[in-house]
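Architecture at a glance
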Amino acid sequence: MTEPPPPIPPETELWAHGMLLQQGTDAPVLCVGGVMESYPPQCGGPEVVGLDWADVAEHEDAFDVRWGEAYVVGTFDGRRFTLTRPPSTTVPTGVPTPAPEPEPDFPQLCDDPFRGGSQEAGEDLDAQAALQARLTDYPGYVASWVSNGRNLFNVTVTGDPEQAWSDFREVWRGGLCVAQRDSPPQKDVLAAQEAVTGIADEVGVLGAAGTRTGLLEVDVLLADQATVTAVHRAVAPWLSPKQVEVTGALQPVPG
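Keep in mind it's a predicted model, so treat the numbers as computed, not measured.

**Describing the pattern of salt bridges**
Overall, the coordinates contain eight salt bridges when judged by the stated rule. Between R80 and D77 there is a salt bridge, and its shortest N-O distance comes to 3.3 Å. For D77, a relative accessible area of 47% gives the class partly exposed. We note a salt bridge from R115 to E162, for which the minimum N-O separation is 3.2 Å. Of this pair, R115 sits in the loop between β6 (80-83) and α1 (125-137) while E162 is found in helix α2 (residues 161-169), placing the two residues 47 residues apart along the sequence.

Now the structure itself:
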């Protein structure tokens, strides 16, 4: 997303899939971020107005806590989520069924990963650790992954890939592919991630993580104009708006 979205009118119906949770006589909340895997679960979120637990088909009670997952539809005033339809176990009418998440792709970036090394050298765990340490501090390092599930390393850098390959071969003789990418270096993505985490409570950031393509993916409660602008402002010293993907947990119901 390169430009902030248009304002979302307060009367807009929004939908989400999350956990409804109520502690004792406290107001129920809608959790769409992290949920602690305890029993009962623990999480936080906006207060839910108009909830009747009889409408939540699948819920549990234990230790004075009631909770259950559901699809919800309602309006959001920045603090409270007011239900306009009963919670449901199915995707709301008008919302496309979410496509299944694709399997992660970890491609091999070269045809001869053992150039200058050998397959047997890939079993050297100390050398693997040395490579990881070298990558962390390497200028222009973007990302790395293994394409055989164990020890065939693929590395992307912003600079000369042949020079980087030569530098990494000093510590790692196993499978190695190095490619150049016009992406922000990992150190910039991490700095931007830390900046976004610093405004989490202020703008409703649920989480932020870098990708191996150089994007920073930021999950927020509502990706409205003010929130997206605040995220762009926070990451501006390191990333451009096109290098940040902001996704809201609360999404407008299609008209």
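**Digging into the state of the cysteines**
In the structure shown here, the tally under the stated rule is two disulfides. Covalent S-S linkage joins C31 and C43, the inter-sulfur distance amounting to 2.0 Å. Sign of the S-S torsion, about 70 degrees for the bond between C31 and C43, identifies this disulfide as right-handed. With C31 in strand β2 (residues 29-31) and C43 in the loop between β2 and β3 (47-49), this residue pair connects regions lying 12 residues apart in the sequence. Covalent S-S linkage joins C110 and C177, the inter-sulfur distance amounting to 1.9 Å. The sign of the S-S torsion, about -70 degrees, decides the handedness of the disulfide formed by C110 and C177: left-handed. Highlighted residues: C110 in the loop between β6 and α1 and C177 in strand β9 (residues 176-180), separated in sequence by 67 residues. On the basis of relative accessible area, C177 is assigned to the buried category, the value being 1%. If one numbers only the bonded cysteines of the protein, in the order they occur, the disulfide pattern is 1-2, 3-4.

Parameters at a glance
- Residues numbered from 1 in each chain as written.
- Predicted model: local features only at pLDDT ≥ 70, side-chain atom pairs only at ≥ 80, totals over all residues.
- Heavy atoms only, no water.
- Salt bridge = Lys/Arg side-chain N within 4 Å of Asp/Glu carboxyl O.
- Buried < 20%, exposed > 50% of the residue type's maximum accessible area, 1.4 Å probe, protein only.
- Helix = DSSP H or I, 4+ residues; strand = E, 2+ residues; numbered from the N terminus.
- Disulfide = S-S within 2.5 Å.

By themselves, these are just geometric observations and shouldn't be taken as functional.
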